[in-house]
Amino acid sequence: MAKNIFSTAYTLGILGGGQLGKMMLYTARKFDIRTNVLDPSPDAPGQYGAHKFVVGDLMDYQAVMDFGAHCDTLCIEIESVNVQALRDLRAMGKKVHPNPDSLEIIQNKTKQKKFYADHGIPTAKFEIVDGHDALKTALSKWSLPFVWKASTGGYDGFGVVVCRSTEDVKLIPDAPGMLEDFVNFDLEVSVIVAQNESGDITTFPVADQEFHPTANQVEYVLCPSVLTDDMQRKAQEIAITTAKAYDICGLLAVELFVTPAGEILVNEVAPRPHNSGHHTIEACYTSQFEQHIRAVLDLPLGSTELKCPAVMANLVGAEGYAGNVIYDGYHDLLNEAGINIHIYGKAQTRPYRKMGHVTAISNSRDEARAKAEWAKNSILVKTQDNALGQKL
Ligand code: ADP
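Criteria and cut-off values
Residues numbered from 1 in each chain as written. Predicted model: local features only at pLDDT ≥ 70, side-chain atom pairs only at ≥ 80, totals over all residues. Heavy atoms only, no water. Helix = DSSP H or I, 4+ residues; strand = E, 2+ residues; numbered from the N terminus. Buried < 20%, exposed > 50% of the residue type's maximum accessible area, 1.4 Å probe, protein only. Lys, Arg positive; Asp, Glu negative; His and termini not counted. Salt bridge = Lys/Arg side-chain N within 4 Å of Asp/Glu carboxyl O. Contact = heavy atoms within 4.5 Å. 1 Å grid on protein atoms, 1.4 Å probe; cavity = no way out; pocket = protein on both sides within 12 Å on 5 of 7 lines; lining within 4 Å. Points joined across faces, edges and corners; volume = space filled by probe spheres on them. Nonpolar A, V, L, I, M, F, W, Y, C, P; charged D, E, K, R; others polar. Pairing = 2+ DSSP bridges. Axes fitted to C-alpha atoms, helices over the stretch in contact; angles between N-to-C directions. Parallel < 35°, antiparallel > 145°, perpendicular 65-115°, else oblique. Left-handed = near helix turned anticlockwise from the far one by under 90°.

1. Digging into the side chain of Asp-39
Here Asp-39 lies in strand E2 (residues 34-39). Among buried charged residues, Asp-39 stands out as having no salt bridge; its nearest opposite-charge side chain is Arg-353, 8.3 Å away. Setting aside its immediate chain neighbours within four residues, Asp-39 contacts Gly-16, Gly-17, Gly-18, Ala-44, Phe-53, Val-54, Val-55 and Gly-56.

So, in structure tokens, the structure goes:
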């Protein structure tokens, strides 16, 4: 176990200074752990609170090497990082989490799916199709509905084409990807696993995800889950098996589909803190961000027990606004017990960009859900006017 990290020169490097990096810094400040943050944007939310903030391209080999040379342990808040640099930093004796080989697989959705198939991890049936020629051949074997996913470059539903009709099929771009069975799931849930270098492993309680009806983006995360205890245990076991297969140190967020027949299928994973774990800041004894830092520094892991029901709502840019952000309508919410507003500090809004979140905690999940909805509908993420921003 690593020792003497608090108030020493031992430096944790965080690759990525978005909202996830920023929230990791809360724990780093709490424990007085030295941190360096690398992000391409000089306005990144994670620029404050770190000992050193460096502007640089996370996919650039030299930028990552130069940054890593001044750190003892490195972790990520985003998957798009130069993997070769991470491998070379490891070879130099730096601690790098997650392991670069697993990160390389996770960066690519088709490699991920193949990994699950090879390791007996339950996942929807799929076929790799690298472009339109391969797609034409594959289509003769697939009947509607099905889903096409890009191998790389997709997030928050971009890079996913749900095909219910031949018109939808025409929307598939000529790019490497895969076809996947359409899963008629009852529920999407996530389980966040943490493992430290010593092999201690914990899971956070299962969290249910509710999607925005049109934006294909998570709108609410609800905890505890409505699944039975047995189903929750099953989901946690699958998540642990997946984290062990990847040999993850740090967090692994595992997104799962639950089918009406009670099957649990892995959709995709993220080896870092995740949007589906923000409620853990207020609702669990240890937040996902603290657990991640404990795990990558090989400190003992904390209790993940849920203190109370919680519902997280993403605050996204309102439709029709792009430009310098302002937030409106939050004053009444600040008087309300159990409503926790988080503003990430991004200068520019655009429709559906994640700009913050609200976590409502309460004695019941239904009440927390109602409060979260009230908060989400009250806070407007927009631009001042057409002079400052641009009304689309
Ligand atoms: P992203 O990386 O963009 O979040 P996902 O693979 O999570 O992409 O897909 C986005 C959403 O699309 C999922 O959360 C789910 O609601 C839906 N989806 C993805 N795969 C399938 C599938 N095989 N069957 C049905 N819906 C799916």
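2. Topic: the layout of surface pockets
Roughly 280 Å³ of internal volume is contained in the second largest pocket. When contributions to the lining of the second largest pocket are tallied by element, the ones reaching two or more residues are strand E13 (218-223), strand E16 (310-316), helix H11 (365-378) and strand E21 (380-383). In terms of residue count, the dominant contributor to the lining of the second largest pocket is H11 (4 residues). A per-class count over the lining of the second largest pocket returns 8 nonpolar, 4 polar and 5 charged.

3. Remarks on the sheet that holds strand E5 (residues 95-96)
Taken together, the 5 strands give an open sheet; going across it, the order is E3-E2-E1-E4-E5, and neighbouring strands pair in parallel fashion. Pairing within the sheet leaves two strands with one partner each, and these edge strands are strand E3 (52-55) and E5. Relative to strand E4 (residues 73-76), strand E1 (residues 11-15) runs parallel, the two being bridged by 4 bridges. Note that in E4 the partner of Leu-12 across the bridge is Thr-73.

4. Concerning the packing of helix H2 (residues 61-68) against helix H3 (residues 83-91)
Where H2 meets H3, the axes come as close as 8 Å, and the angle between the chain directions of the two elements is 30°. In terms of their interaxial angle, H2 and H3 are classed as roughly parallel. Handedness of the crossing formed by H2 with H3: right-handed. Here Tyr-61, Val-64, Met-65 and Gly-68 of H2 lie close against H3, whose contacting residues are Gln-84, Ala-85, Leu-86, Asp-88 and Leu-89. Partitioning the contact of H2 with H3 into residue classes produces 6 nonpolar, 2 polar and 1 charged.

5. Side note on the sheet that holds strand E9 (residues 176-181)
Paired through their backbone hydrogen bonds, the strands of a sheet run either parallel or antiparallel. Judged by pairing direction, the sheet is antiparallel, and its 4 strands sit side by side in the order E6-E9-E7-E8 without closing on themselves. The open sheet has two free edges, formed respectively by strand E6 (126-130) and strand E8 (160-163), since each of these has just one partner strand. Across the sheet, the axes of successive neighbouring strands diverge by a mean angle of 20°, strand direction being ignored. With 5 bridges connecting them, E6 and E9 associate as antiparallel partners. Bridge assignment links Phe-126 to a residue of E9, and that residue is Glu-180. Seen against the sheet, helix H5 (residues 109-118) touches E6, strand E7 (146-150), E8 and E9 and runs at an angle of roughly 45° to E9. Sitting on the sheet, helix H6 (residues 132-139) is in contact with E6, E7 and E9, with an inclination near 145° to E6.

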